[in-house]
Amino acid sequence: VIIYGDLPKNKENVIYLSNHQCTVDWIVADMLAIRQNALGHVRYVLKDGLKWLPLYGWYFSQHGGVYVKRSAKFNEKEMREKLQAQVKAETPMYLVIFPEGTRYNPEIPKVIADSQSFAEKEGLAVLKHVLTPRVKATHVAIDTMKDYLEAVYDVTVAYEGTVDHKGQRKLAPSMTEFLCKECPRVHIFIDRIEVKDIPEEQMYMRRWLHERFEIKDKLLIEFYDAKDSKRRNKFPGKSVHSKLSLKKTLPSLLFLGGLTASMLLTEPGRKLYVKTWIYGTLIGCLWVSIKP
């Protein structure tokens, strides 16, 4: 994990805005949070369909996650109410938002082309390595929690090994590839922004957000396309190879590994494990369909 920019040592109530290219991006948020002793504070704004994920859909909802629908179906009132409830309860907030709304996937060029066409139509800068960001969820989150937040983290993520021999960008690693194969280097650029420096009105915030994604695009152009090969596969500026101590990772590994192994090594445990997934998923799906 290679970190650029300023990541505060202490935990804060923040909104985390990032480019989105694969499911590993979720883990990257955890990578930064654990370095601030804020791992349990991470919550996500997720697309509505993910609430049907077995067990996890229910878990994210109960842990302060917010499910949103795209475009005209976006329910601003529902999102505000959920965030206001979190603020009222003084819930620690490390709210992760991917403003692009979907992943940047080089293997689906139509999505990229449509995003670029929309930007051109709206008079916005056309972006190469990120999609045109959507402002609704970001605006509602910042507007609802502006007096509760301490900062916004503008995060840009790039994975080494995602350019082919022709210099074309490849698909970022999947969760399975990242966890089960040789782990690529993850480059993370953080820009901490004071909430007072962000426009409040949605129209102006939209322009601000697009400008932030223009900065991301320039960083990624440098990372992937720099003419000087020595400047590729890294962001400009100083960087730190960030390692975690065993005391931050070993206890949870031993606890979860031991709990899972103890269940799977006995017949009653295996039955309980399977029933937990089956009935937990059914109850969870019923719960999120009744209570968003």
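Residues numbered from 1 in each chain as written. Predicted model: local features only at pLDDT ≥ 70, side-chain atom pairs only at ≥ 80, totals over all residues. Heavy atoms only, no water.

(A) Molecular detail of the domain arrangement of the chain. With domains assigned, the chain is organised as domain 1 (2–243) and domain 2 (245–291). Here the C-alpha centroids of domain 1 and domain 2 sit 28 Å apart. Together domain 1 and domain 2 conceal approximately 1,000 Å² of surface at their shared face, both sides included; 70% is due to carbon and sulfur atoms. Three residues, Trp 52, Leu 55 and Trp 58, lead the burial of domain 1 against domain 2; their summed loss comes to 48% of the area buried on that side. At the boundary of domain 1 with domain 2, the tally comes to 0 salt bridges. (Domains from an automatic or database assignment. Buried area = accessible area lost by both parts, 1.4 Å probe. Salt bridge = Lys/Arg side-chain N within 4 Å of Asp/Glu carboxyl O.)

(B) Layout of the packing of aromatic side chains. For the structure shown, the criterion picks out 13 aromatic pairs. Measuring from centroid to centroid gives 5.4 Å for Trp 26 and Phe 60, while their planes differ by 80 degrees, and the two rings are edge-to-face. Taken as a pair, Trp 26 in helix α1 (residues 24–34) and Phe 60 in helix α2 (residues 56–62) lie far apart in primary sequence, 34 residues in all. Phe 60 gets classed as buried once you look at its relative accessible area, which sits at 11%. Aromatic pair Tyr 94 and Tyr 153: ring centres 6.0 Å apart, planes at 80 degrees, arrangement edge-to-face. Here the residue Tyr 94 occupies a position in strand β5 (residues 94–97), and Tyr 153 occupies one in strand β6 (residues 151–159), the gap between them amounting to 59 residues. (Phe/Tyr/Trp six-rings, centres within 6.5 Å; stacked < 30°, edge-to-face > 60°. Helix = DSSP H or I, 4+ residues; strand = E, 2+ residues; numbered from the N terminus. Buried < 20%, exposed > 50% of the residue type's maximum accessible area, 1.4 Å probe, protein only.)

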